[in-house]
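Listed below are the residues making up each chain.
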Amino acid sequence: MTEIPLQHHIAPSGEQITVRDLASCPPPERWQDWVEYDARAWPRKVEKRYEIIPTICFNCEAACGLLAYVDKETSRVKKFEGNPYHPGSRGRNCAKGPATINQVDDPERILYPLKRTGKRGEGKWERTTWDEVLETFARKIRAAIIEDRHDEVMYHVGRPGHDGYMERVLGAWGIDGHNSHTNVCSSSARFGYQVWCGADRPSPDHANARFILLISSHLETGHYFNPQAQRIIEGKMKGAKLAVMDPRLSNTASMADYWLPTWPGSETAVLLAMARIILVEKLYNCEYLCRWVNWQEYMAAEHPNKPQTFDCYIELLIDLYAEFTPAFAAQESGLSEETIIDIARQVGHAGTAFAAHTWRAATAGNLGGWQVSRALWFLSVLTGSIGTPGGTAPNTWNKFVPAPFIKPSPSEVWNELLFPPEYPLANYEMSILLPYFLCEGRGKLAAYFTRVYNPVWTNPDGTRWIEMLTNEQQVELHAALTPVWSETAWYADYVLPMGVGSERHDLMSQETHAGRWIGFRQPVLRVYKERNGEHVQYTYQANPGEVWEEDEFWIELSWRIDPDGSLGIRKYFESPYRPGQKLTIEEYYRWIFENSVPGLPQAAAKEHLSPLEYMRKYGAFEIPQEQAPVFTLNERELKPADLEGAQIDELSGKIIRNDTTIGMMVDGKAYEGFPTPSRKLEFYSPTLKEWGWPEYAIPSYIRSHVHHAAMNHDKSEYLLIPTFRLPTLIHTRSGNAKWLYEISNANPVWIHPTDAERIGVQTGDLVRVTTEIGYYVNRAWITDGIRPGIVACSHHLGRWRLDTSQGTDRWSSALVELGKTQDGIWRMRQLQGTLPFESADPDSSRIFWREGGVHQNLTFPVHPDPVSGMHCWHQKVTVEPAYPEDSYGDVYVDTNKAYKVYKDWLAMTRPQTHRPDSLRRPLWMIRPYRPAASAFKKQDS
Ligand code: SF4
């Protein structure tokens, strides 16, 4: 075989890129006219000419770079490949990136704005105009704002795909109306990190680590899959060892040096045992702990009579965690004592090059899951590997969100539908409880936007969402902004088609590695037309049909809500270049690139481009490290100007200015520290103590609601893991990607052979999985890749539609019958599986899969963690052979039982409603949309 020679070229960031064959990676100077032979014409050599335009993948939040190949003959996008100039993905994508072309060409896609003509959920639609949509919503929102019903307008987002844009819009409207999907996703993991360091995501430098510990592989097979997976392998190739704690043998676990199939929820016990070993064996980073942990605060508050020394603190730690012996951790987790000791030592010896990550899975599955991320960060703190090369940084050190030209003041409103009194510490909005709150009369919604969000299908207790969305007293007007049909869009008043990754503008940055970059998503056909001299006023004029983009939609809507500027909204949507004129989307990004991204104007000037032209050309920019350093940022020294008028608290060393702690004196120097109340890493959290949870003031172990003691295998009881996904699928947006469904089209229940024998089933048999509130019927898959006692089912399949030919893509959905059979009981039965169908795409008649998966989330009640607010996904279930009357895909739900479970979990909360300071929530804790400090205080006080 002939070896293709290596070729080198230099990326704009200065990084050397090495590729084997430049023909598969065209150099940018040829992107405007790239020639390839048409593969379909083979063996004839027919040339095809393309213009290559970069954009950003929208199929997960990793924001990898894509290159769109626009066919010059047809003016259509032909394919997507990786963008080698993107610092996060570096030219490599997962299967979901190139599958963007399926989404563009999907014959099932919604091409025009639709308005319902029948009852909600009846499935009757007519085409409408963007003008009518804008007028209808502008009227409704304007009335709510004028009549001081600021909590009646809500934007509920599933996949954001941008940084900061919507927060600015909602702030301009003066409402507290940002709702998210995050409490079914990651709010527990985030909470554990936030309590420690004030940032709520970790950013591991896998590529330079000596030891990598992942609590589940979920992130590496889903979120950030590709950029982090690349760096994990890089680290391994340089000699790093990889350990994966996951009861399921995931793709990542199969590549690991150590697969640690812990019993779900026991991870904290294992991590605390490891912490104790590191302490006892003196493997900790003494200097780091002494300087950067709030141990003095802990000693003064909890042990005032003991010597206030660091040595005494360490002794106390060993004592505090005395119960976390390897034997105890082994008993809780099912791992061996030797393995726990071995991993603990390797973590300790890795020192500042210990990289660790957790996101969903254990944190998202269990009651008290936030203690998992807190205990994991404890290991990073003990090894002094916070923000070091090869360590793990707070995400804010590796993410860059540039400021827009004008930012509204925070609103003075607090919306209790989002942050109710029962959950003062909830890390994100209590999204899953919205239907309950509306049902209980806590409020109503005048205008509700779901944006790339499918709660009917995604959230637990989805039938309650159907009940909410069909109740016109609770939700007066609902628009689903979505690139694809969904089970939720079916119940909307308006279905508004929004662009996929090549049809919209967005700006994104993610913590993919130790570096900072921004990626520019752009509507490639609009860019193509404009480069070729065509004027395009709105992106929908260039996209297929009238598919629009949210950025422009919000500008137009805001302008119409406040046409004369009297509400103070319009000014945020006026051009920074043409005073008083309506902002264009090009101007919005042009200003950011010219003014807010360090190093970009200079890099552009070197190529004789404007900053906007540079971003349109390359689609991404890595900020030079000298302008945006990424390591040990807590040790940034405060500038003399920062210290003007500041006081230093003698006892704690806090530097306080205008009642705000802005830094910390350490060894005689004024450092910025961490954004926590103490400006240190908070091993001890006075916040948790003051806000009702003193027993959790330090990292501690909470037994999960699915602890193994609660399972009786003789009664066929198992722990169900519903939180994993196949890496080839997107939450609820891959139904329109035929290549992805060709790869993954079934979600059987994983069962260990010993359990299968006990239950009496074999691979392919139907099983009935019964939860607290209902059951579903699916096929069994017998595999050694799951721990005994645990069953698992991927949550990315089992799409349904209620109409023969519309509602959810036919590539992926089953036609079902769904309804209440008696008061409070919902049943779903599949009438027809996935079948071939005729369309403009001949592949639709070649569909070979017949069972497109089974939906399970409808059968889960809500389990909001009383501290973090996260839905605890894991379920105690019974698994039995299917009953004679059962069919594949059956779903049964008793909403009366679901309501009881909601009440039971609500009763676990500790509302803090009578605080002397009247605060609803600690002022220092982050919120995705943050109202003014005054709104944190209750009005009636
Ligand atoms: S990892 Fe995410 S952003 Fe990257 S190519 Fe895959 S789906 Fe797209």
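The paragraphs below set out a description of the structure included in this document.

### Concerning the pattern of salt bridges
Part 1 of the reasoning: Counting across every chain of the model gives 69 salt bridges.
Part 2 of the reasoning: A salt bridge links E546 to R127, with the nearest nitrogen and oxygen atoms 3.4 Å apart. With E546 in the loop between α19 (524-531) and α20 (550-561) and R127 in strand β8 (residues 125-127), the pair connects residues that are 419 residues apart, well separated along the chain.
Part 3 of the reasoning: Between E586 and R616 there is a salt bridge, with its nearest N and O atoms 3.6 Å apart. One end of the pair, E586, is in helix α21 (residues 585-595); the other, R616, is in helix α23 (residues 611-618), and 30 residues separate them in sequence.
Part 4 of the reasoning: Under the relative-accessibility criterion, E586 is labelled partly exposed at 34%.

### Re the site of the ligand
Part 1 of the reasoning: Close contacts around the ligand come from C57, N59, C60, A62, A63, C64, N93, C94, K96, G97 and N226, and that covers them all.
Part 2 of the reasoning: Partitioned by chemical class, the residues of the shell around the ligand number 6 nonpolar, 4 polar and 1 charged.

### Remarks on the pairing of strand β24 (residues 654-657)
Note on strand geometry: in a regular strand, side chains alternate between the two faces of the sheet.
Part 1 of the reasoning: Relative to β24, strand β23 (residues 647-648) is paired through 2 bridges, and the arrangement is antiparallel. Looking at the pairing, Q647 lines up with I656 of β24.
Part 2 of the reasoning: With antiparallel pairing between neighbouring strands as the criterion, β23 and β24 make up a hairpin whose turn holds 5 residues, including G653 at a positive phi of roughly 85°.
Part 3 of the reasoning: One ladder, built from 4 bridges, connects β24 with strand β25 (residues 660-666); its direction is antiparallel. Bridge pairing in β25 links K654 to M664.
Part 4 of the reasoning: Between β24 and β25, which pair antiparallel and follow one another directly, the connecting turn spans 2 residues, one of which, N658, has a positive phi of 50°.

### A short note on the layout of surface pockets
Part 1 of the reasoning: A volume near 870 Å³ is recorded for the second largest pocket.
Part 2 of the reasoning: As for the second largest pocket, its lining consists of 29 residues, of which R40, K78, I101, D105 and K738 are closest to the centre.
Part 3 of the reasoning: When residues of the lining of the second largest pocket are traced back to their parent elements, those giving at least two are β3 (34-37), β4 (47-56), β6 (76-82), α1 (100-105) and α26 (738-743).
Part 4 of the reasoning: Of the residues forming the lining of the second largest pocket, the biggest block, 5 residues, is contributed by β6.
Part 5 of the reasoning: Class assignment of the residues belonging to the lining of the second largest pocket gives a composition of 12 nonpolar, 3 polar and 14 charged.

### Some remarks on the sheet that holds strand β14 (residues 258-260)
Part 1 of the reasoning: Across the sheet, 4 strands lie side by side as β14-β13-β12-β15; this open sheet has parallel pairing. The outermost strands of the open sheet, each flanked by one partner alone, are β14 and β15 (354-358). Within this sheet the neighbouring strands show an average axis-to-axis angle of 15°, counted without direction.
Part 2 of the reasoning: In this structure, strand β12 (residues 211-215) lies alongside β15, joined through 5 bridges in parallel fashion. Among the inter-strand pairings, L213 is bridged to a residue of β15, identified as A356.
Part 3 of the reasoning: Against the sheet, helix α15 (residues 370-382) touches β12 and β15, its axis set at about 175° to β15.

### Points about the packing of aromatic side chains
Part 1 of the reasoning: Applying the stated criterion across every chain, the model contains 64 aromatic pairs.
Part 2 of the reasoning: Relative to Y313, the ring of W295 has its centre 6.1 Å away and its plane inclined at 25°; by these criteria the two rings are stacked. Of the two residues, W295 sits in helix α10 (residues 295-302) while Y313 sits in helix α11 (residues 310-320), which places them 18 residues apart along the sequence. Y313 shares its class with W295; the two are buried.
Part 3 of the reasoning: Among the aromatic residues, those joined into a ring-pair cluster are W196, W295, Y298, F310, Y313, Y321, F324, F328, F378, F683, Y684 and Y701.
Part 4 of the reasoning: The aromatic ring of Y112 is capped on one face by R127, whose charged end is 3.6 Å from the ring centroid.
Part 5 of the reasoning: Positioned above the aromatic ring of W414 is the side chain of R927, whose terminal nitrogen or guanidinium carbon lies 4.7 Å from the ring centre.

So, how was this worked out
Residues numbered from 1 in each chain as written. Predicted model: local features only at pLDDT ≥ 70, side-chain atom pairs only at ≥ 80, totals over all residues. Heavy atoms only, no water. Salt bridge = Lys/Arg side-chain N within 4 Å of Asp/Glu carboxyl O. Helix = DSSP H or I, 4+ residues; strand = E, 2+ residues; numbered from the N terminus. Buried < 20%, exposed > 50% of the residue type's maximum accessible area, 1.4 Å probe, protein only. Near = heavy atom within 4 Å. Nonpolar A, V, L, I, M, F, W, Y, C, P; charged D, E, K, R; others polar. Pairing = 2+ DSSP bridges. 1 Å grid on protein atoms, 1.4 Å probe; cavity = no way out; pocket = protein on both sides within 12 Å on 5 of 7 lines; lining within 4 Å. Points joined across faces, edges and corners; volume = space filled by probe spheres on them. Axes fitted to C-alpha atoms, helices over the stretch in contact; angles between N-to-C directions. Contact = heavy atoms within 4.5 Å. Phe/Tyr/Trp six-rings, centres within 6.5 Å; stacked < 30°, edge-to-face > 60°. Lys NZ or Arg CZ within 6 Å of the ring centre and 35° of its normal.

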